[in-house]
Amino acid sequence: MQLTAAYRTMLRIRILEEKIIDCANRNLVVGFVHPYTGQEAIAAGVLAARRPDEWVVSFYRCHGHAVAAGLPLDGIVREVLGREGGVCGGKGGSMHLADRGRRFLGASSIVGSQLSVAAGVAMAERGTGRATVVFCGDGALGAGVSYETLTISATLGLPLLLVCEDNGWQDQTRSELVRHRTPAQLVDGLGLDHVEVDGNDVAAVHRAAETLLTRCRRERRPQVLVARTYLRHYHAQVGGARPPEYRPAEEVAYWRARDPLDIAAAAADVPDPWLAEARAEIEREVDQVFAAALAAPPPDVATAATNVTAAPLPAAVPAVTAVAR
Ligand SMILES: Cc1ncc(C[n+]2csc(CCOP(=O)(O)OP(=O)(O)O)c2C)c(N)n1
Ligand SMILES: [Mg+2]
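Criteria and thresholds
Residues numbered from 1 in each chain as written. Chains lettered and ligands numbered in written order. Predicted model: local features only at pLDDT ≥ 70, side-chain atom pairs only at ≥ 80, totals over all residues. Heavy atoms only, no water. Donors = N, O, S within 2.8 Å, 3.2 Å for Na, K, Ca; no water. Buried < 20%, exposed > 50% of the residue type's maximum accessible area, 1.4 Å probe, protein only. Axes fitted to C-alpha atoms, helices over the stretch in contact; angles between N-to-C directions. Helix = DSSP H or I, 4+ residues; strand = E, 2+ residues; numbered from the N terminus. Parallel < 35°, antiparallel > 145°, perpendicular 65-115°, else oblique. Left-handed = near helix turned anticlockwise from the far one by under 90°. Contact = heavy atoms within 4.5 Å. Nonpolar A, V, L, I, M, F, W, Y, C, P; charged D, E, K, R; others polar. Core = buried A, V, L, I, M, F, W, Y, C linked by side-chain atoms within 4.5 Å. Pairing = 2+ DSSP bridges. Disulfide = S-S within 2.5 Å.

Draft legend 1. Main features of the coordination of the magnesium ion (ligand 2). Surrounding the magnesium ion (ligand 2) are the protein donor atoms Asp138 (OD), Asn167 (OD1) and Trp169 (O), at 2.1 to 2.2 Å. Donor residues for the magnesium ion (ligand 2) sit on one chain with the sequence pattern D-x28-N-x1-W. By relative accessible area, which is 10% here, tryptophan 169 ends up buried.

Draft legend 2. Layout of the packing of helix α1 (residues 3-25) against helix α11 (residues 272-295). Relative orientation of the contacting elements α1 and α11 amounts to 45°, with a least axis distance of 10 Å. Looking at the two axes, α1 sits oblique to α11. Crossing of α1 against α11: the hand is right-handed. Taking contact as the criterion, the partners of Thr4, Tyr7, Arg8, Leu11, Arg12, Ile15, Leu16, Lys19, Ile20 and Cys23 in α1 are, on α11, Trp274, Leu275, Ala278, Arg279, Glu281, Ile282, Glu283, Glu285, Val286, Asp287 and Phe290. Among the residues making up the contact of α1 with α11, the classes are represented as twelve nonpolar, one polar and eight charged.

Draft legend 3. Up close: the nonpolar core. Core analysis: the biggest nonpolar cluster contains 65 residues, and Val46, Ile76, Phe135 and Leu225 have the highest contact counts within it. At ten residues, α1 tops the list of elements feeding residues into this core. Beyond its immediate sequence surroundings of up to four residues, leucine 225 is in contact with Val46, Leu161, Leu162, Val163, Cys164, Val195, Val197, Val205, Ala208, Ala209 and Leu212. Core analysis: the next-biggest nonpolar cluster, separate from the first, contains 19 residues, Val57, Leu150, Val187 and Val226 among them.

Draft legend 4. How the structure looks around the sheet that holds strand β2 (residues 56-59). Taken in spatial order, the six strands line up as β3-β2-β4-β5-β9-β8 in an open sheet, and their pairing is parallel. Edge positions in the open sheet fall to β3 (104-108) and β8 (193-198), since each of these has one partner strand only. Shown here is a sheet whose adjacent strand axes are inclined to one another by a mean of 20°, direction ignored. Of the pairings in the sheet, the one linking strand β4 (residues 132-137) to strand β5 (residues 160-166) comprises six bridges and is parallel in character. In the sheet register, valine 133 faces β5, and the bridge partner there is leucine 161.

Draft legend 5. Here's a closer look at the state of the cysteines. Summed over the entire model, instances satisfying the criterion amount to zero disulfides. We note that cysteine 62 lacks a disulfide partner, and the nearest cysteine sulfur, in cysteine 88, lies 9.1 Å from it. According to the relative accessible area criterion, cysteine 62 is buried, its value standing at 0%.

These figures come from the coordinates and say nothing about function on their own.
So, in structure tokens, the structure goes:
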């Protein structure tokens, strides 16, 4: 992995997220937004190590995973803003980005459910030499489905890489208040191979992901990467009002001083003009994408019931004629 390329991926995520938050503040986003700011090194580091033919499964905090998996910014932004041309036709919204062509199976808003979906994918992929990557938060390890999935994955030898993004919080609850073991201790208790890294250090994340993905592909058993990190913004926003700060100011400041972008820039050792040029170029790209998305219409009401279920809806379901906005 080239550090400069990883830095650019992280910067794209950061700039995209800041513009999405700006749109949320202006009430231009339908539904919830869960910013990925602060955790960019994890998506960028892990997904630089996956092969493009390997499936990725995500969760509601999915924008960064989608960018690092190579989904087009245009399709992501239109989806988040509920517009025609979104990766899911503008009907899924921020928490449900998916793009099968890029092997980004999708994101789930049900905490922990993505693990069981990913284990199914890994089961289907067994014997192909391909691994499957699934991301989750630290709180997801408090869900029963996670234990069932990890246990069955270990028993069946599924080539699954679980990336647990330990940001120390579960919504507005401090993780330490609701768990008596760290994520690494929990998976260790299940007898799973695991590595713990500084999730704000993209090079460290990438090295660990490469090692674990190689093991998944060769040895066909699940691997866990625990990446310690912190949210730069907040858990989620719905509507135009930014949620009040719920974390201690010193804690927020401590982590702001350990910004993954600054760490990557220092490691890449690039001159300031290179950084300024990269920022200007990506800002131009993102601005253009937002301008086009905001000018696009919402999805046609006639498409409301299409691509929602695997099979066509039964005739008894009345056709949708209007959507309340
Ligand atoms: C099954 C389920 N229970 C509760 C919720 C509500 N909920 C949404 S996010 C969240 C916190 C999850 O925290 P974590 O797994 O640490 O991920 P993070 O949001 O910190 O990235 C909760 C409880 C949910 N979406 N699904
Ligand atoms: Mg968390």
